[in-house]
Amino acid sequence: YVHPYTFWPWYSRYYFVFTRTFKLLYIWSPCFYRVICTLIRGKENDQEWINWMLESCVLATEQSGAGFQKFGQWVAMRPDLFPRSLCKAMAKLQDDAPSHDFQHTKRIFKESFGCDLEEVFEEFDPIPIASGSVGQVHRGKLRAEYALSDGRVKVAVKVRHPGILDSSYADIWLILLGMKLSPLIGLKMCFPFKEHEFYNNIQKQVDFTWEAYNLLKFNRNFTGDYMSSSTLTVRFPLVHTELLSESILIESWAPGENLASMLAKKSSRSKVWDEWSRRDNEGVSADMLGDDLTPQEISLRKELAMRCCDIAAKMFLRDNYIHGDLHAGNLLYSAKDNLLTVVDAGLTTFLEDETFTPFGDLLRALCVGDAKVIVEKLVEFNVNEHFKMNDIPDFTADVSAILDKYMGEDRARQEDQLVMGYIMGEVLNTIGKYSITLKGDVSSSLMTISVSEGLVLSLDPSFDLVGRTLPYFVRFAGWDTLSQLRQAGYYSTTSQARNMISKGVAQ
C-alpha cells in the first residue's frame, strides 16, 4: 500500500504537518492542562483525578479525527503495552463524527466513476443514516443495469469524509513521534513491530477497497456454512466490485435491527453488566436474563448467542481471518428472514503462519486452566528482549493464582459461568510485571476474543463458552486423539485429556 501523501512535494508535506500539529495542540490543550494539574498536585495515584484526566484524553482523541480514533481503539486492545485504566477508557471511544456535505458525496462519486449519482441510482437518500470517523453511509436503490451480481438493487453506500486520507498519514507520523519522545516526560512506550506495518494497518482502514476485500473473503469463508443445531442464517453484505474505489463502497442493504438496539430495549443487558460490576468479576449467573423477557425473546437471544459463538470460533480456528470489531452494533438481525448479517469489516486481524498453531494451544490451555502451557506460549510470543527466563517460576505462580480465582474449587460462586475475558484481562495485566510484550497479532487476537465473548454473554449470560468451543478444537485443530493433545503440549492427566476429547466429539 502506497499512500498518495508520499507523492506530494516535500514543502507541501511539511506545511501540512506544521498546520496539522498546531490544530492538534489546540484540541489537546485541555488534556495537557489536566495532566499538569494532576502532577503538580501529586494526585497521579488518585483514581478520581486519573478518571478526570482520562475523560479529557478520550474527548480529545474523538475530536482529533480518524487517525487518532483508530489509534485509540488499538490502544484499547493492548493492555500489555499501556496502563489498564487507559485501555478501559479508550474502549469507550465513540466511533462517530459529523456528516459531510452532500455535495462532497456527489463530487467524490463523479471523480471515482466518471458519472453522476443520478446515472447509477434510481433513488439516493442525501441524508446519511450513519456517520463514523472515516465515512458516512447513505441508503440507495441502483438502476437495474447496475444491480449487484445477485440482482439486488437496494444498497448501502459508504462515502469517505473529506481530508481523512491526508490527515491519517500526518497523524500517524505525529503519534509515533510522540511515543518516541515519551521518555522525556517519564513515560516509556514502544511498538513491538515495524512502524511501516502499523502505518499500513491504520491506512487500510481508510481505504474502502480493503474493506471490500475483507467482505469478499468473509463471504467466501461462510458460503454454505451452517450449524446443525440452528436455523439462523449468517450473511455478510455483498460488494459491488464494478463500482468500487478507495473512497466509495457500495454493498447490499442489510435488513433488520442491530443487536445493540435489541439489547437496549430491555433492562436485562444493564442488569447483566451491573451484576458483573457488583461481583467484581466473580462470575456470571445463569438467572441473569431477568423476568422482563418473554420465553420467545430468551430463546431468540440464546440462539443468537450460539450463532455468534459459532462465527467467532470458525473465524479463529478454521479460517484464521477474524472480524476485529465483532460487537453488538455490527450485527443486524432480521426476524422476517431469520437472518444475521455481519457488517463493518474494515478492521480485521489474523495470525502469522508460525503463530497460528501455538495460539490455538494457548486458547485450549486457557479453556482448561493449564497454567504451564499458558506461560510457555506467552513466553514464546514475547518480543521484549528485557524478559528474564528465570522469572518463569514466579510468572507461572501468578498465572496459577489467577486460574484458581476463576476456575478453582475456592472461587466465589461455583454455579457461575466462566468468563474467559476476566482471565485474559488479568493475565495480560500481569505480563507487564515481567517485561513481556506480546506480538501484535497475538495481543490483538486475544482482545478480539474478549469483544466476541462480551457479545455472546450480553445475549445469554448463562452461555457455556468454554464447553461450546471444545467441538471446534476437535474439528478444526485436530485434537481428537490423546497423542495429538500431547503434541500440542497438553500436560494434564490422561483421564482429563480423554474427558475433554469425549466431550468435544459428543458435541
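Because the structure is predicted, anything quoted here is derived from the model rather than measured.

Through backbone hydrogen bonds, the strands of a sheet pair up, either in parallel or in antiparallel fashion. A sheet is described by the order of its strands in space; here 4 strands give the open sequence β5-β11-β10-β8, paired in mixed fashion. A single partner strand is all that each edge strand has here, and the edge strands are β5 (233-235) and β8 (257-258). Summarising the sheet, β8 and strand β10 (residues 331-334) pair through 2 bridges and their orientation is antiparallel. Among the inter-strand pairings, asparagine 258 is bridged to a residue of β10, identified as leucine 332.

Our focus in this paragraph is the environment of serine 444. Tracing the chain through its elements places serine 444 in helix α17 (residues 440-459). Judged by its relative accessible area of 13%, serine 444 falls in the buried class. When the C-alpha atoms of serine 444 and leucine 351 are compared, they prove to be 9.4 Å apart, with 93 residues separating the residues in sequence.

What follows concerns the packing of aromatic side chains. Scanning all chains against the criterion turns up 18 aromatic pairs. Aromatic side chains tryptophan 10 and tyrosine 11 sit 5.9 Å apart centroid to centroid with 80 degrees between the ring planes, which places their arrangement in the edge-to-face category. Each member of the pair, tryptophan 10 as well as tyrosine 11, carries the same accessibility label: exposed. A ring pair is formed by tryptophan 28 and phenylalanine 68, whose centres lie 6.0 Å apart and whose planes are at 45 degrees; its orientation type is tilted. With a gap of 40 residues between them, tryptophan 28 in helix α1 (residues 10-40) and phenylalanine 68 in helix α3 (residues 66-76) connect regions that are remote in the sequence. Accessibility classification places tryptophan 28 together with phenylalanine 68 in one group, the buried group. Taken together, the aromatic side chains of Trp210, Tyr213, Phe218, Phe222, Phe236, Tyr321 and Phe350 make up a single cluster linked through ring pairs. The lysine or arginine in question, arginine 139, covers the ring of tryptophan 253, its NZ or CZ lying 4.0 Å from the ring centre. Looking at arginine 318, its charged tip hangs above the ring of phenylalanine 222, at a distance of 5.0 Å from the centre.

The next point concerns the packing of helix α14 (residues 371-380) against helix α15 (residues 392-407). Look at α14 against α15: their axes get within 9 Å of each other, and the N-to-C directions meet at 125 degrees. The angle between α14 and α15 falls in the class oblique. The way α14 lies across α15 gives a crossing that is right-handed. Here α14 contributes Ala371, Ile374, Val375, Leu378 and Val379 to the contact with α15, which in turn contributes Ile392, Phe395, Thr396, Val399, Ser400 and Leu403.

Where helix α9 (residues 208-222) meets helix α12 (residues 295-319), the closest approach of the two axes is 12 Å, and the angle between their N-to-C directions is 95 degrees. Here α9 is positioned roughly perpendicular relative to α12, judged by the angle of their axes. In this structure, α9 uses Phe218, Asn221 and Phe222 to contact α12, whose residues at the interface are Ile311, Lys314, Met315, Arg318 and Asp319. Class assignment for the residues of the contact of α9 with α12 results in 4 nonpolar, 1 polar and 3 charged.

Moving on: the pairing of strand β3 (residues 135-142). Judged from the 3 bridges that link them, strand β1 (residues 121-124) and β3 form a sheet pairing that is antiparallel. Across the sheet, phenylalanine 124 pairs through a bridge with glycine 140, a residue of β3. For strand β2 (residues 130-131) and β3, the ladder comprises 2 bridges, and the chain directions are antiparallel. Note that in β3 the partner of serine 131 across the bridge is glutamine 136.

What follows is about helix α2 (residues 47-63). End to end, α2 covers 24 Å across 17 residues, agreeing with the expected 24 Å (1.5 Å per residue, within 8%). Buried within α2 we find Trp49, Ile50, Met53, Leu54, Ser56, Cys57, Val58, Ala60 and Thr61. Where α2 is buried, its residues touch α1, α3 and α4 (84-90). Two to three positions downstream of the cap, the backbone nitrogen of glutamate 48 sits 2.9 Å from a side-chain oxygen, assigning the N-cap of α2 to aspartate 46. Phi turns positive, to about 105 degrees, at glycine 65, one or two residues after α2.

This next bit is on α14. An α-helical turn contains 3.6 residues, so a residue and the one three or four places further along point in the same direction. Counting buried positions over the 10 residues of α14 gives 7, a clear majority of the element. Within the span of α14, buried status applies to Ala371, Val373, Ile374, Val375, Lys377, Leu378 and Val379.

Take the confidence of the model for the protein chain next. Caution is warranted with low-pLDDT regions, since their predicted coordinates should not be read in detail. The pLDDT averaged across the protein chain works out to 79; a share of 78% of its residues lies at or above 70. Residue range residues 267-288 is modelled with pLDDT below 50. Its contacts to residues more than four positions away, or to other chains, number 43 contacts. The low-confidence segment residues 488-498 (pLDDT under 50) makes 26 contacts with residues lying over four places distant or belonging to another chain.

What counts, and where the lines are drawn
Residues numbered from 1 in each chain as written. Predicted model: local features only at pLDDT ≥ 70, side-chain atom pairs only at ≥ 80, totals over all residues. Heavy atoms only, no water. Pairing = 2+ DSSP bridges. Helix = DSSP H or I, 4+ residues; strand = E, 2+ residues; numbered from the N terminus. Buried < 20%, exposed > 50% of the residue type's maximum accessible area, 1.4 Å probe, protein only. Phe/Tyr/Trp six-rings, centres within 6.5 Å; stacked < 30°, edge-to-face > 60°. Lys NZ or Arg CZ within 6 Å of the ring centre and 35° of its normal. Axes fitted to C-alpha atoms, helices over the stretch in contact; angles between N-to-C directions. Parallel < 35°, antiparallel > 145°, perpendicular 65-115°, else oblique. Left-handed = near helix turned anticlockwise from the far one by under 90°. Contact = heavy atoms within 4.5 Å. Nonpolar A, V, L, I, M, F, W, Y, C, P; charged D, E, K, R; others polar. Expected span 1.5 Å × (residues − 1). Polar contact = N/O pair within 3.5 Å; in protein donor to acceptor, adjacent residues only side chain to side chain. pLDDT = per-residue confidence, 0-100.

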